[in-house]
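Here's the letter readout for the chains.
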Amino acid sequence: MKNIASWILRIFTAVIFTQTLYFKFTGHQDSVEIFSALKIEPSGRILIGILELVSAILILVPGTVVYGAILAWGIMGGAIIGHCTVIGFEGDNLSLFLLGVAVWVSATILLVLHRDQLPLLRHMFEKPNSSS
Amino acid sequence: MVSLSVDLHRLSKFVNLALPALAVLFFLAGRFLSFYFHFFTVAFLFLSIVNYFYLYVQTEHSLLRNFGIVAQGRYLIESVGPELRQYLFASDTEERPFNRVERAEIYRKAKDIDSASFFVSLKQFDSTEIKIRHSMYPTDREDLIPYSLTYGEERGIENAYSITKPIIISAMSYGSLGRQAVRCLARGAKMAGIPMNTGEGGYPKYHLMEGCDLIFQMGTAKFGVRDEEGYLDEEKLRDLAGKDEIKMIEIKFSQGAKPGKGGLLPKEKLTPDIAGLRGVPMGKDVISPPHHKECKDKSTTVSFIRRVQEVSGLPVGIKLCVGSFEEVEELVGEMVHQNIFPDYMSVDGAEGGTGAAPKAFMDRVGVPLIPALARVNKILCEAGVRDRLKLMAAGKLINPGRQMLAFALGAQAVYTARGFMLSLGCIQALQCGQNTCPIGITTHDPTLQRGLDIDTKAMRVRNYVHNLEHDLCELLAASGRRSFDELSMNNLFIPEDSTLAPLLEDPRNLAST
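Residues numbered from 1 in each chain as written. Chains lettered and ligands numbered in written order. Predicted model: local features only at pLDDT ≥ 70, side-chain atom pairs only at ≥ 80, totals over all residues. Heavy atoms only, no water.

## Things to note about the pattern of salt bridges
Put simply, the test is: A pair is scored as a salt bridge if a Lys or Arg side-chain nitrogen falls within 4 Å of a carboxyl oxygen belonging to Asp or Glu. Per the convention used, a helix needs a DSSP run of H or I reaching at least four residues, while a strand needs a run of E reaching at least two, with both numbered from the N terminus. Each residue's exposure class comes from its accessible area (1.4 Å probe, protein chains only) as a fraction of the maximum for that residue type: buried when under 20%, exposed when over 50%, partly exposed otherwise.
Going through the model one piece at a time under the given rule, you end up with 27 salt bridges over all chains. Here A:Glu52 ties to A:Lys24 by a salt bridge, and the two come within 3.2 Å at their closest N and O atoms. With A:Glu52 in helix H3 (residues 43-60) and A:Lys24 in helix H1 (residues 2-25), the pair connects residues that are 28 residues apart, well separated along the chain. The pair formed by A:Glu52 and A:Lys24 is uniform in burial state, with each residue classed as buried. A salt bridge links B:Arg238 to B:Glu235, with the shortest nitrogen-to-oxygen separation between them at 3.2 Å. With a gap of three residues between them, B:Arg238 and B:Glu235 both fall in helix H9 (residues 234-241), about one helical turn apart. In this structure, a network of salt bridges that share partners links the residues B:Arg183, B:Arg187, B:Glu210 and B:Asp455.

Shown next, in the form of structure tokens:
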């Protein structure tokens, strides 16, 4: 059960990331506009794109799910901040914002599901050692 | 005058406030200066949430609950403590069970490089340690009698087994060791011409692969030769004993590291392969009972020894760690009464090692080797049956000096397990029960076992045996004797306060301080 949920969320996150980073790397007009509004065009666009790629890869590799999820959580946190403070929610931006929130929520759930692998926190969630 | 200091209490309070405060500051900077600052906003937001968990959610760790993320510093540094101590801070003579000086001697012997000490020994030279007496008239090397020991000759059995080197690889099961390590040792044993004890790990599939002589150990759970209730399955024993490589059978009554406890293979190390060879279920610690189901008292124990001798047709030994000398006396008395003797008796010192055992057992239970061996030898002599069986010793006998003590106290051959692990390159990481052995010896993880190259390590095993034998011959010659049989306690310098002192027959040999 946990495994299936985890895989669905991981694939969902990775697919959204690969899709949007395609627009970022090819310099799609919408993407360029958004990053111009944030005043970090073009280097910020490329940097975020690279981070999304890394996150998508990490999240698909079983041993590194939590690291990918932390990265995704952070990137989407930034995206939400961007929408709330600069970009706003008009037109296409609303659906982009909702997509960002969806990925952020998915990353959060992944972190909860894989909490026993979290760096710094995992020992809290380990089952007590039985013997020997 | 104000001296510099760090108040960790105040530092942690400061950090606990600073994390969310920095998140807010970076948010403002991101809003008004450059969006790039939001990279820090989210990072500090994450750390603040983690810290919130430490302070208010988790209840396991008091330190984290009181001080938050700063307290992780303690756990972080503590976690690398063992490595730091071994690499940098522990002195050459203080590590346990074997210190760096002792380990280095084995490594050098295994690599066949000179293991001479220089300038001085780091041992104690006050009156607390037992030393070996040398003679003014050492034996010439050519006068030494070549070593040979024949198990089973007392009973005149057809399958009597002779060894020509006094060192045997002690019991290590496939299970406690990984398959690669088992094969390194087995191939090394074959090259060195010594037998190897299989340990109580069931059917010795990997031990058999290299064609070396084997002593099959039957533990209290009788893995490999048990029926469903844990009693001896004679058919299986007969089959196993019929194999060419199996030269002797050893009934293990107790083990120095955990006498009275049976055995334990942690579930972390249980693989389907092992479960199959042992005939046990997956996912649970494999626990051997504290005693053989057949052996309830001295008379059933002695009868059981006879039964195994008859079924297997091989020399049959017993291995035990001594708890009470009275019990040993009674057991020997019963042997005399029934006129049944095992072909050898192996005395395991309480200092013996193991993959996993409860700490109290490892630390506190059992008589250490030196007094145990000396008393058992005396008991056998006094009963007049010393010539009815062979006596062997085990328990930290990794170097020729200590092995020599065992020979002087009556042993006719010595067992060592950890000596051979060191010869494979064991760095004493003390993780034998966790399946994480960094050298790949006590693990079933193929990525860790990759470190052990069978050909290279088998050569190390051979070199180790060769160099031990060489040193033992020199020690024997120095003591003015021609064979180990001629050694006695009189060849030892025994301090007055030693547990051995009361056993000395000639008080003139007691070292007075």
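## A look at the packing of aromatic side chains
All names here are of chain B. The cut-off we apply is this: What counts as a ring pair is set by centres within 6.5 Å for rings of Phe, Tyr and Trp (its six-membered ring), and what kind of pair is set by the plane angle: stacked under 30 degrees, edge-to-face over 60, tilted for all other angles. A ring is considered to have a charge above it if a Lys NZ or an Arg CZ atom is located within 6 Å of its centre and within 35 degrees of its normal.
Under the definition given, this model contains 14 aromatic pairs over all chains. Ring plane angle 25° and centroid distance 5.0 Å describe the contact between Phe26 and Phe40, whose orientation is recorded as stacked. On the criterion of sequence distance, the pair formed by Phe26 in helix H1 (residues 8-32) and Phe40 in helix H2 (residues 38-57) is long-range, its members being 14 residues apart. The exposure class of Phe40 is partly exposed, given its relative accessible area of 43%. Arranged with centres 5.1 Å apart and planes meeting at 85°, the rings of Phe420 and Tyr464 form a pair that is edge-to-face. Remark: Tyr464 occurs in helix H18 (residues 454-478) and Phe420 occurs in helix H16 (residues 418-423); sequence separation between them is 44 residues. This pair shows no difference in class: Phe420 is buried, exactly as Tyr464 is. Members of the aromatic cluster, each reached through a chain of ring pairs, are Phe26, Phe37, Phe40 and Phe44. Geometry around Phe32 places Arg31 over its ring, the cationic atom sitting 5.5 Å from the centre. The ring of Phe325 has Arg375 sitting right over it, with the charged end atom 4.3 Å from the ring centre.

## A few points about the nonpolar core
The cut-off we apply is this: Note on terminology: a nonpolar core comprises buried Ala, Val, Leu, Ile, Met, Phe, Trp, Tyr and Cys residues joined through side-chain atoms within 4.5 Å. Every residue pair with non-hydrogen atoms within 4.5 Å of one another is taken to be in contact.
Counting residues in each nonpolar core, the largest one holds 125 residues, and the members touching the most others are B:Tyr151 and B:Ile441. The residues contacting B:Ile441, other than those within four sequence positions of it, are B:Leu177, B:Gly178, B:Ala181, B:Met421, B:Leu424, B:Cys426 and B:Leu452. Formed by 39 residues, the second largest nonpolar core is a distinct cluster that contains A:Leu9, A:Val65, A:Ala69 and A:Ile75.

## Re the packing of helix H4 (residues 65-87) of chain A against H2(B)
What counts is decided by this rule: Axis definition: a line fitted to C-alpha atoms, over the contacting stretch in the case of helices. Angles run 0 to 180 degrees between N-to-C directions. Put simply, angles under 35 degrees are roughly parallel, angles over 145 are roughly antiparallel, angles from 65 to 115 are roughly perpendicular, and the rest are oblique. Helix crossings are classified by the rotation of the near helix relative to the far one: an anticlockwise turn of less than a right angle makes the crossing left-handed, while a clockwise turn makes it right-handed. Nonpolar residues are Ala, Val, Leu, Ile, Met, Phe, Trp, Tyr, Cys and Pro. Charged residues are Asp, Glu, Lys and Arg, and all others, Gly as well, are polar.
Look at H4(A) against H2(B): their axes get within 9 Å of each other, and the N-to-C directions meet at 125°. Considering the angle they form, H4(A) stands oblique to H2(B). The handedness of the crossing between H4(A) and H2(B) is right-handed. Side by side, H4(A) and H2(B) meet where A:Ile70, A:Trp73, A:Gly74, A:Gly77, A:Gly78 and A:Ile81 of the first sit next to B:His38, B:Thr41, B:Val42, B:Leu45, B:Phe46 and B:Ile49 of the second. Of the residues belonging to the contact of H4(A) with H2(B), the class tally is seven nonpolar, five polar and no charged.

## Notes on a negative patch on the surface
Quick reminder of the rule: Patch definition: residues above 30% relative accessible area lacking any salt bridge, with like charges linked at up to 9 Å and the nonpolar side chains Val, Leu, Ile, Met, Phe, Trp and Tyr linked at up to 5 Å. Methods summary: accessible areas were calculated by the Shrake-Rupley approach with a probe of 1.4 Å, and residue burial reflects only the protein chains presented. Only four residue types enter the tally: Lys and Arg on the positive side, Asp and Glu on the negative side, with His and both chain ends excluded. Taken as the charge location is NZ of Lys, CZ of Arg, CG of Asp or CD of Glu.
On the surface, a cluster of negative charge is made up of B:Glu326, B:Glu327, B:Glu329 and B:Glu330. The residue B:Glu326 is located in helix H12 (residues 325-338) in this model.

## Some remarks on the environment of B:Ile379
Residue and element names in this part refer to chain B. Assignment of secondary structure puts Ile379 in helix H14 (residues 369-382). Among the residues examined, Ile379 registers a relative accessible area of 7% and is labelled buried. Separated by 50 residues in sequence, Ile379 and Glu329 place their C-alpha atoms 6.3 Å apart. Setting aside anything within four residues of it in sequence, one finds Ile379 in contact with Phe325, Val328, Glu329 and Val332.

## Examining the interface of chain B and chain A
Using the following cut-off: Accessible-area loss on putting two parts together, using a 1.4 Å probe and summing over both, is the definition of buried area adopted here. Identification of polar contacts relies on pairs of N or O atoms within 3.5 Å, with a donor-acceptor requirement for protein atoms, meaning one able to donate a hydrogen and the other able to accept it, and with residues adjacent in sequence counted only if both atoms are side-chain atoms.
Every contact between the two is made by 21 residues of chain B and, on the other side, 24 residues of chain A. Where chain B abuts chain A, roughly 1900 Å² becomes buried across the two surfaces, and 77% of that area is made up of carbon and sulfur atoms. It is B:Phe35, B:Tyr36 and B:Phe46 in chain B that bury the most area against chain A; as a group they hold 31% of the surface buried on that side. Across the contact surface, chain B and chain A share zero salt bridges. On inspection of chain B and its partner chain A, the count reaches three residue pairs in polar contact (both at pLDDT 80 or more). Those elements that place two or more of their residues in the side of chain B that touches chain A are H1 and H2 of chain B.

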